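So you can see what is in the structure, the chains are spelled out below.
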Amino acid sequence: LDKPGLEIFDATASRQHFRWFEELRWALLANLLLGRGDDLVGICDYVQPDLFFDEGGFDRSKADNAAYQLVAKHLRREVICLDDAAVKLVETSRGRRAKLIWKTLQAAQVGDVRIVSKSIQGILEIFRDKEFDPDGRALTSWDASILWNIAEAVNCQPVNVPEELRNFVITRASLGIT
């Protein structure tokens, strides 16, 4: 490391400078699809409240970042209290996506397939209306794919959304993984 300036990027400082949001979502989806629970926990250990705000690839909000802190806590099997700072940020936000992510996690926890399906459908509608790019930049809803696979992992299935929206989701079945 003889490059000037690299010495400032120790483990603590890197948490305040390196982009993490999209990389986290890619890692979560890959490990959910492969059924690698131990690796998921290790990945989720990185996600702590001290991470800097990262708007990701699609202008994500602070509430979206907080929602993924809740996803990480859920996958680490931590109890999420309603007075948790991330919960408060999500619940008081104006955006729908973070609230739907949190709602999906809560419903999956108790096995409520109807609410999981409705919440994932809402996330897919946001994706279709605001992020989908038929030219290839965004063909898949990472949020819905992650949550769908979380629901399947806790046996909260079958998730039921219209087929036109289901095509935006990557699942083990859509990839032919048994």
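Residues numbered from 1 in each chain as written. Predicted model: local features only at pLDDT ≥ 70, side-chain atom pairs only at ≥ 80, totals over all residues. Heavy atoms only, no water.

Novice: Mind showing me how you'd approach the packing of helix H4 (residues 62-75) against helix H8 (residues 142-153) here?
Specialist: The geometry of a pair of packed helices is captured by two quantities: the angle between their axes and the separation between those axes. Contact geometry of H4 with H8 gives a least axis separation of 12 Å together with a crossing angle of 20 degrees. Relative to H8, the element H4 lies roughly parallel. Between H4 and H8 lies a crossing whose hand is left-handed. When H4 is examined against H8, the residues Tyr68, Val71, His74 and Leu75 are found in contact with a partner set consisting of Asp143, Ile146 and Ile150. (Axes fitted to C-alpha atoms, helices over the stretch in contact; angles between N-to-C directions. Helix = DSSP H or I, 4+ residues; strand = E, 2+ residues; numbered from the N terminus. Parallel < 35°, antiparallel > 145°, perpendicular 65-115°, else oblique. Left-handed = near helix turned anticlockwise from the far one by under 90°. Contact = heavy atoms within 4.5 Å.)

Novice: Hey, could you run me through unusual backbone geometry in this one?
Specialist: Trans peptide bonds make up most of the peptide bonds, and negative phi angles are found at most residues other than glycine. Following glutamine 157, the chain continues into proline 158 via a peptide bond in cis, with omega recorded as 0 degrees. Phi is positive for arginine 77, close to 60 degrees, though the residue is something other than glycine. Structurally, arginine 77 is set in the loop between H4 and helix H5 (85-92).

Novice: Would you explain the packing of aromatic side chains in this entry?
Specialist: Each aromatic ring pair is specified by the distance between its two centres and by the angle formed by the two planes. Evaluated as defined, the whole model comprises six aromatic pairs. Consider the rings of phenylalanine 21 and tyrosine 68, whose centres lie 5.2 Å apart with planes at 80 degrees: the pair is edge-to-face. With phenylalanine 21 in helix H2 (residues 21-34) and tyrosine 68 in helix H4, the pair connects residues that are 47 residues apart, well separated along the chain. For tyrosine 68, a relative accessible area of 1% corresponds to the buried category. A network of ring pairs unites the aromatic residues Trp20, Phe21 and Tyr68 as a single cluster. We note lysine 62 situated over the ring of phenylalanine 53; from NZ or CZ to the ring centre the distance is 5.8 Å. (Phe/Tyr/Trp six-rings, centres within 6.5 Å; stacked < 30°, edge-to-face > 60°. Buried < 20%, exposed > 50% of the residue type's maximum accessible area, 1.4 Å probe, protein only. Lys NZ or Arg CZ within 6 Å of the ring centre and 35° of its normal.)

Novice: How should the environment of cysteine 156 be read in this particular structure?
Specialist: With respect to the secondary-structure elements, cysteine 156 resides in the loop between H8 and helix H9 (163-166). Counting along the chain gives 83 residues from cysteine 156 to lysine 73, while the straight-line C-alpha distance between them is 18 Å. Once residues lying within four places of it in the same chain are set aside, the contact partners of cysteine 156 are Ala107, Ala108, Gly111, Asp112, Val113, Val116 and Ala151.

Novice: Is there a simple way to explain the nonpolar core in this structure?
Specialist: Leu28 and Ile120 are the most contacted members of the largest nonpolar core, which totals 50 residues. Looking at this core, the elements with two or more residues in it are H2, helix H3 (37-45), H4, H5, helix H6 (96-110), helix H7 (113-131) and H8. In this structure, leucine 28 is in contact with Leu40, Ile43, Cys44, Tyr68, Val71, Leu75 and Ile146, ignoring residues within four places of it in sequence. (Core = buried A, V, L, I, M, F, W, Y, C linked by side-chain atoms within 4.5 Å.)

Structural measurements only, silent on function.
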